[in-house]
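Summary of structural features
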Amino acid sequence: LAGVIHAKQTARIQTISNEADNPFMFQLLTYLHEKHKILALINTSFNEQCEPIVHTPEMAIHSARRMNLNGLIINNKFYQL
């Protein structure tokens, strides 16, 4: 998964072994694997280049709209944009 390697050749990989670890993420990853053959999600700092890192749900929604994203998941809730 080349996308998980930072430009400095580092990575902070997190895994979920079973549903008890994180029920929402386990179910999401299971669905993505079964329906779309997606094996991983990549999480990164959420901001556009030269913008501050997003700290609130309102900032996230505002930034996501500026980046033309289709949706967000914030605190286990899906927001379609």
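In the block above lies the structure referred to throughout.
This paragraph deals with the overall build of the protein chain. Within the protein chain, the secondary structure is distributed over two helices and two strands. Secondary structure elements of the protein chain occur, N-terminal to C-terminal, as α-α-β-β. Along the first, second and third principal axes, the C-alpha atoms of the protein chain reach 35 × 35 × 20 Å. Looking at the 81 residues of the protein chain, the share that counts as buried comes to 10%. Within the protein chain, residue pairs in contact and separated by at least 24 positions form 11% of the contacts whose partners lie at least 6 positions apart. Approximately 7100 Å² of the protein chain is accessible, and the part contributed by carbon and sulfur atoms is 52%. Where the 7 positive side-chain charges of the protein chain centre and where its 6 negative ones centre are 4 Å apart.

To continue, consider the pattern of salt bridges. Tallied over the entire structure, the rule returns two salt bridges. Residue E48 pairs with R66 through a salt bridge whose shortest N-O separation is 3.1 Å. Note that E48 is positioned in the loop between helix 1 (23–36) and helix 2 (57–66) and R66 in helix 2, a separation of 18 residues in sequence. Here E51 ties to R66 by a salt bridge, and the two come within 4.0 Å at their closest N and O atoms. Here E51, found in the loop between helix 1 and helix 2, pairs with R66, found in helix 2; they are 15 residues apart in sequence, far enough to count as distant. Take R66: its relative accessible area is 37%, and that puts it in the partly exposed class.

Bringing the environment of H62 into the picture now. Looking at where H62 falls in the secondary structure, it is placed in helix 2. H62 sits in the partly exposed class, given a relative accessible area of 49%. Residues H62 and L81, spaced 19 residues apart in sequence, show a C-alpha to C-alpha distance of 9.8 Å.

The subject of this paragraph is the nonpolar core. With six residues, the main nonpolar core is built from V54, A60, I61, A64, L72 and I74. Going through the elements one at a time, helix 2 and strand 1 (71–74) are the ones with two or more residues in this core. No other element matches the three residues that helix 2 contributes to this core.

All right, on to the pairing of strand 1 then. What you see with strand 1 is a clean split: L72 and I74 sit on the buried side and G71 and I73 on the side with no burial. Hairpin geometry of strand 1 and strand 2 (residues 77–80) is characterised by an intervening segment of two residues between the two adjacent antiparallel strands and by a positive phi of about 50° at N75.

All right, on to helix 1 then. Taking 1.5 Å of rise per residue, 14 residues should cover 20 Å, and helix 1 covers 19 Å from first to last C-alpha, within 8% of that figure. Two residues or fewer past helix 1, K37 is found with a positive phi of approximately 60°.

What counts and what doesn't
Residues numbered from 1 in each chain as written. Predicted model: local features only at pLDDT ≥ 70, side-chain atom pairs only at ≥ 80, totals over all residues. Heavy atoms only, no water. Helix = DSSP H or I, 4+ residues; strand = E, 2+ residues; numbered from the N terminus. Buried < 20%, exposed > 50% of the residue type's maximum accessible area, 1.4 Å probe, protein only. Contact = heavy atoms within 4.5 Å. Areas by Shrake-Rupley, 256 points an atom, 1.4 Å probe, with all protein chains shown as cover. Lys, Arg positive; Asp, Glu negative; His and termini not counted. Charge placed at Lys NZ, Arg CZ, Asp CG, Glu CD. Salt bridge = Lys/Arg side-chain N within 4 Å of Asp/Glu carboxyl O. Core = buried A, V, L, I, M, F, W, Y, C linked by side-chain atoms within 4.5 Å. Pairing = 2+ DSSP bridges. Expected span 1.5 Å × (residues − 1).

Read these as layout, nothing more, since geometry by itself doesn't imply function.
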